[in-house]
Structure formats: C-alpha cells, structure tokens
Amino acid sequence: SDSHFPVPVSPDEFDLSEHYPRYFPADKGSGEEAPPPPRIRFADVGCGFGGLLVGLAPLFPDTLMIGMELRDKVTEYVKERILALRASNPGQYDNISVVRTNSMKYIPNYFRKAQLTKMFFLFPDPHFKEKNHRRRVISMQLLDEYAYVMEVGGIIYTITDVEELGEWMRSCLEKHPLFEPVPEEEIKADPVVKLLSTATEESQKVARNGGQTFHAIFRRISLQE
Ligand code: SAM
C-alpha cells in the first residue's frame, strides 16, 4: 500500500508551503535579509485522529508540528479537522499539519539531522506476538533513526496502556546510548506531559475505561566518550 502515497526523496524535497501556508507566503517580499524558513520541530508518529496536535498547537504557537499517519482515511480526517479549526479560529492552528506515510520506513526522508526537538509515540499498536515485535515503532534500530533526526536535548515521549509494551519501550530507550531518562521533577513540570494521557482519542478511550497508562520520557543526549 506504500506505493499509493508520495514520499519525498529527501527533506529538501518535502514541500512545507502546502502544509503551513501562513509560514510560507507566496510573496516573500524583496528584502535580502529574509529569515531562514522555519522547520518542523515536533513529530507525532502514528498521530491517529490528531488530538495531540490540536492540543499542542496553542501551547507552542510558533512551532511547526506534523502528524505522521499510515491510514489514508484517518489522515484525510485530520487534514479536514485542521482546516476547519483554521477557518473558525483565524490565526491559530496554522502550525500543525499531517502527512500520510509509513514512519517506520521514511523518517529520514522528512527530517534532517538534529531537526526535531520533540517526538511523540502515543498509544502505538502493541504487536503482542514475539515474531511481530519487529513491527513495533520503538526498537533499537528505529531509535538510531530517531536519534539522528533529533536535536541533542530533544525529548521523546512514549505512552501506552499495554504494560508489556510500556516496559519494552522503556527498556529499548534505557539500552540506547543516545537517550537518558528525563528526571521525574522535570516530567512533572512539563506542560506537554498532561496532554499525553488526555489529548488523543486513544488516551480518552483508555481514561473512559479506567485503564492504567505507562509512560517513558527520554532525552536525546550526545554520545559519552
Ligand atoms: N496516537 C494516536 C492516539 O493516541 O490516539 C493513535 C493511536 S493508534 C492505536 C496507532 C496509530 O498508528 C494508528 O492510527 C495507525 O494507523 C498508526 N500507525 C501504525 N503504524 C504506522 C506506521 N508505520 N506509520 C505511521 N502510522 C502508523
């Protein structure tokens, strides 16, 4: 099914003007000192119906964010949702967008080295069977890719209601030399953390059913010599 959506061959070919038109006006003016174009800083991987992006947009009004979603219809829904929010709240929600893609294959096609300051993995599919663990969105191999596109100091947020998957994501992050756990005091003070368990459609379903959640929040660090 991958052949049904276009993938940029490199981040330079990823056209942001159609995603964030207010940040990429057609008329760039005649000034020579035009500031460099903004870059996407946050990625919500497997964004589903987009609740996290909608929650984050007003908290970081000048930060470009993108949701990555594999399902076509769900991606179309998120596009429409964002357009409707922009229409009814002029000047807001211009900083969020969504792309249909397979994040397990194409992360480096979208982002340059050290570009992202936050990555989100909220309620990813659990893939319970041992032989399907390689399909999990957090793995040692994929963490190498995420570390590559993340800035040193950037934060990766994961949450799930599946205890075994929570342990798996935490243990991958603990084992990886380029990530370290964010201290509990910092987690408590981070305004983003509350959204993990409240903003997305999946988190709301879990909360309605009184389910427990397990988070792992880690910082991208530089390699220790
Ligand atoms: N994060 C959302 C939430 O909390 O409501 C959605 C959670 S849902 C259980 C997992 C989502 O990841 C689904 O929408 C699925 O289509 C998407 N997904 C699964 N594999 C993916 C992949 N390789 N690339 C992009 N999205 C993927």
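Only a predicted model underlies this, so the values are computations on that prediction, with no experimental measurement involved.

Visitor: So what about the sheet that holds strand E4 (residues 116-122)? Which residues, and what values?
Guide: With respect to topology, seven strands assemble into an open sheet ordered E3-E2-E1-E4-E5-E7-E6, the strand pairing being mixed. Strands at the two margins of the open sheet, each flanked by one partner only, are strand E3 (96-100) and strand E6 (179-181). With direction set aside, neighbouring strand axes in the sheet form an average angle of 20 degrees. The sheet contact formed by E4 and strand E5 (residues 150-160) spans six bridges and is parallel. Its bridge partner being in E5, Met119 is matched across the sheet by Ile156. Across the face of the sheet, helix H3 (residues 103-110) comes into contact with strand E1 (40-45), strand E2 (64-69), E3 and E4 while running at roughly 150 degrees to E2. Along the sheet, helix H4 (residues 140-149) contacts E4, E5, E6 and strand E7 (214-220); its crossing angle with E5, the most-contacted strand, is approximately 135 degrees.

Visitor: Could you give an account of the layout of surface pockets, naming the residues involved and the relevant values?
Guide: Approximately 750 Å³ is the volume attributed to the largest pocket. The wall of the largest pocket is formed by 30 residues, among which Gly46, Glu69, Phe123, Pro124 and Asp125 lie closest to the centre. When the residues that make up the lining of the largest pocket are grouped by side-chain class, the tally is 13 nonpolar, eight polar and nine charged. Considering only enclosed or pocket space, the second largest pocket measures out at about 470 Å³ in volume. Lining the second largest pocket we find 23 residues, and of these Glu18, His19, Lys79, Val98 and Val99 sit closest to its centre. Breaking the lining of the second largest pocket down by element, the ones donating at least two residues are helix H2 (72-88) and E3. Ranked by residue count, the leading element in the lining of the second largest pocket is H2, at seven residues. A class-by-class count of the residues in the lining of the second largest pocket yields eleven nonpolar, four polar and eight charged.

Visitor: Give a description of helix H5 (residues 163-175) that names residues and reports values.
Guide: The terminal C-alpha atoms of H5, which comprises 13 residues, lie 18 Å apart, in line with the 18 Å expected from a rise of 1.5 Å per residue. Lining the buried residues of H5 we find H4, E5, E6 and E7.

Visitor: Tell me what's going on with the packing of aromatic side chains, and back it up with residues and numbers.
Guide: Inspection of every chain in the model, using the stated rule, returns eight aromatic pairs. Between the aromatic rings of Phe14 and Tyr110, the centroid separation amounts to 4.9 Å while the plane-to-plane angle is 90 degrees, which identifies the pairing as edge-to-face. Placement of Phe14 in the segment before E1 and of Tyr110 in helix H3 is noted, with a sequence separation of 96 residues between them. Consider the rings of Phe120 and Tyr157, whose centres lie 4.8 Å apart with planes at 10 degrees: the pair is stacked. Of the two residues, Phe120 sits in strand E4 while Tyr157 sits in strand E5, which places them 37 residues apart along the sequence. Each member of the pair, Phe120 as well as Tyr157, is classed as buried. Aromatic ring contacts, followed pair by pair, group Phe42, Phe60, Phe120 and Tyr157 into a single cluster. Its guanidinium or amino end placed over the ring of Trp168, Arg136 lies 4.9 Å from that ring's centre, counting from NZ or CZ.

Visitor: Tell me about the pattern of salt bridges, residues and numbers included.
Guide: Considering all chains together, one arrives at nine salt bridges under this definition. The residue Glu186 makes a salt bridge to Arg219 at a minimum N-O spacing of 2.4 Å. Within this pair, whereas Glu186 is found in helix H6 (residues 184-189), its partner Arg219 is found in strand E7, the two being separated by 33 residues in sequence. The class for Glu186 is partly exposed, based on a relative accessible area of 35%. With relative accessibility at 18%, the residue Arg219 sits in the buried group. Taken together, the shared-partner salt bridges in this structure form one network comprising Arg22, Arg86 and Asp94.

Visitor: Run through the pairing of E3, naming residues and quoting values.
Guide: Taken across its five residues, E3 has five buried, putting it largely inside the fold. Burial of E3 is two-sided: the residues Ile96, Val98 and Arg100 facing one way and the residues Ser97 and Val99 facing the other way are all buried. As paired elements, E2 and E3 share five bridges and run parallel to each other. Among the inter-strand pairings, Met68 is bridged to a residue of E3, identified as Val99.

Parameters at a glance
- Residues numbered from 1 in each chain as written.
- Predicted model: local features only at pLDDT ≥ 70, side-chain atom pairs only at ≥ 80, totals over all residues.
- Heavy atoms only, no water.
- Pairing = 2+ DSSP bridges.
- Helix = DSSP H or I, 4+ residues; strand = E, 2+ residues; numbered from the N terminus.
- Axes fitted to C-alpha atoms, helices over the stretch in contact; angles between N-to-C directions.
- Contact = heavy atoms within 4.5 Å.
- 1 Å grid on protein atoms, 1.4 Å probe; cavity = no way out; pocket = protein on both sides within 12 Å on 5 of 7 lines; lining within 4 Å.
- Points joined across faces, edges and corners; volume = space filled by probe spheres on them.
- Nonpolar A, V, L, I, M, F, W, Y, C, P; charged D, E, K, R; others polar.
- Expected span 1.5 Å × (residues − 1).
- Phe/Tyr/Trp six-rings, centres within 6.5 Å; stacked < 30°, edge-to-face > 60°.
- Buried < 20%, exposed > 50% of the residue type's maximum accessible area, 1.4 Å probe, protein only.
- Lys NZ or Arg CZ within 6 Å of the ring centre and 35° of its normal.
- Salt bridge = Lys/Arg side-chain N within 4 Å of Asp/Glu carboxyl O.

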